[in-house]
Amino acid sequence: MATPLNPSELKQSAINIKTRFVAISWRDLAISFGPIALLVVVAIWLAIWLIHPAPPNTITMITGPEHSNFWNTAEKYKKILARNGIKLKIVTSEGSLDNLKKLNDPHSGVDVGFVQGGVAGDLPIGQLVSLGSISYVPVSVFYRGRERINRLSELEGKRVAIGMQGSGSRVLALTLLKANGIEAGGKTELLDMGGDEAAQALTDSKIDAAFLMGDSASPPTMGKLLHTPGIRLLDFAQAGAYARRFSYLNELNIPKGVFDLGQNIPSRDIRLIAPTAELIAREDLHPALSDLLIDAAKEVHSGPNVLQRAGEFPAPLAHEFRISDDATRYYKSGKGFFYRTLPFWLASLVDRTLVVLLPIILLLIPGFKLVPLLYGWRIKSRIYRWYGILIALERAAVVDTDTPEQQAQLLKRLDHIEESVNRMKMPLAFADQFYVLREHIGFVRNRLLSRS
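Since this is a predicted model, take the numbers as computed values, not measurements.

Asker: Give me the layout of surface pockets: which residues, what numbers.
Answerer: The computed volume of the largest pocket comes to approximately 720 Å³. Lining the largest pocket are 30 residues; nearest its centre among them are Asn-69, Tyr-136, Pro-138, Pro-219 and Leu-307. Counting only elements with at least two residues in the lining of the largest pocket, the list comes to helix 2 (69–82), strand 5 (128–136), strand 6 (140–144), helix 6 (219–226) and helix 8 (287–301). Approximately 320 Å³ is the volume attributed to the second largest pocket. In this structure, the second largest pocket is lined by 18 residues; those nearest its centre are Ile-231, Arg-232, Leu-233, Pro-266 and Ser-267. Residue assignment for the lining of the second largest pocket shows that the elements contributing at least two residues are strand 6, helix 6 and strand 10 (231–233). Top contributing element to the lining of the second largest pocket by residue count: strand 10, with 3 residues. Classifying every residue of the lining of the second largest pocket gives 10 nonpolar, 4 polar and 4 charged.

The structure is reproduced here in structure tokens:
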């Protein structure tokens, strides 16, 4: 009968437990939080990349000739924007067509400008957006003569000033005259003359008619012509037809006496046709500046006058240019909460800060729920790894304990497992699973010893 083994000879767990029990494993916690931190960093980078930077404190606007209606309007905008710390740089031009070309040129330094409807033609306008229509721009055709005329075709054979190169009045005059069978090179003499020059030539009887519009002529100049004897404002008898054929034109009915009640100017009701002037910007215009410009437009253009009702402008009327997304949002819901309640510079700062913080908050809320799960999984996976090694050793004991040398080798491996387990860093919350693992190591040891 085999002599029982002396307990002192048994290779029981003689290794001191050197396990470091801690309240929490900061290393494991940091590794568990790593994926969340990485997602937060990526979210912040995307937010910074996608959002606009701080709005610039200077914006460049192109208008028309100095003292034209567009130029006067820009001067009003300049004072309004200055209240919010934005400097408006005004650039003069030949008119709407020139404005459009400069806006299309990314190297011109122009951010926004006034453009009269009907001048785009074949020009590429995909990089431009409209912040809305701000006013009517009547097609004012002044002519000299005793007999009244009410159709453009009656200008055939006369000397007609159609505006300077680059002006919107010239583009629209050529379009309307062509629709009436009058083109350059025919019997009608079409002169590149506009603004004060055309008005003076008409007064001096050097020309028979002149197309004058707000992008190139000043209000005092047109007001003077209205009071000049022998010069009349053309009554468009076919105004409705023009509005039907050209989508950017509107029919306006001007009651008699509206320009001067005392002198009854005009002396009878007249009909005019008018495109709208639009506030056109490059599509990369900062959203905060877009809101400020529409705000200024509301302050300048929302009141009633002889051509429009109160509140009619500014308006998101899509003609040749698409309405910008920022303008659409503004017309639907107005300025954001912060821009309504805080100074412009502070609202801009808060708005951009929230854009950065929002993705962080959205990721951290589920992240704080996920981190404990990842932390627990990491600690348990360390315990489960030793279970896998222990099971493999126990299975090996079934077939590899035929000799004392094989048994000693397995016991040596088990000693190594136990020593490694005893040196683990273990949070106190998982101490019960640690001791259960040690019990199972002892169980496997007893089975190895009992086979001997």
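Now that the structure has been shown, we can carry on.
Asker: Explain helix 8 to me, using residue names and the numbers behind them.
Answerer: Its 15 residues place the ends of helix 8 21 Å apart at the C-alpha level, agreeing with the 21 Å of an ideal helix rising 1.5 Å per residue. Of all 15 residues that make up helix 8, 12 are buried, and the element is covered over most of its length.

Asker: Could you give an account of unusual backbone geometry, with specific residues and numbers?
Answerer: Of note, the amide linkage connecting Ile-265 to Pro-266 takes the cis form, showing an omega dihedral of -5°. Despite not being glycine, His-67 has its phi angle at roughly 75°, a positive value. Structurally, His-67 is set in the loop between strand 2 (58–62) and helix 2. Judged by relative accessible area, which is 45%, His-67 ranks as partly exposed. The phi torsion at Asn-264 lies on the positive side, around 55°, for a residue other than glycine.

Asker: A description of the nonpolar core should follow, citing residues and the corresponding values.
Answerer: Formed by 75 residues in total, the largest nonpolar core has its most connected members in Tyr-77, Leu-152, Leu-155, Phe-211, Phe-236 and Leu-293. Looking at this core, the element that brings in the most residues is helix 8, giving 6 residues. Apart from residues no more than four positions distant in its own chain, Leu-293 is found in contact with Ile-59, Met-61, Tyr-77, Leu-81, Val-112, Leu-131, Leu-279 and Leu-285. Trp-386, Leu-411, Leu-437 and Val-444 belong to the second largest nonpolar core, which has 22 residues in total.

Reading guide: rules and limits
Residues numbered from 1 in each chain as written. Predicted model: local features only at pLDDT ≥ 70, side-chain atom pairs only at ≥ 80, totals over all residues. Heavy atoms only, no water. 1 Å grid on protein atoms, 1.4 Å probe; cavity = no way out; pocket = protein on both sides within 12 Å on 5 of 7 lines; lining within 4 Å. Points joined across faces, edges and corners; volume = space filled by probe spheres on them. Helix = DSSP H or I, 4+ residues; strand = E, 2+ residues; numbered from the N terminus. Nonpolar A, V, L, I, M, F, W, Y, C, P; charged D, E, K, R; others polar. Expected span 1.5 Å × (residues − 1). Buried < 20%, exposed > 50% of the residue type's maximum accessible area, 1.4 Å probe, protein only. Core = buried A, V, L, I, M, F, W, Y, C linked by side-chain atoms within 4.5 Å. Contact = heavy atoms within 4.5 Å.

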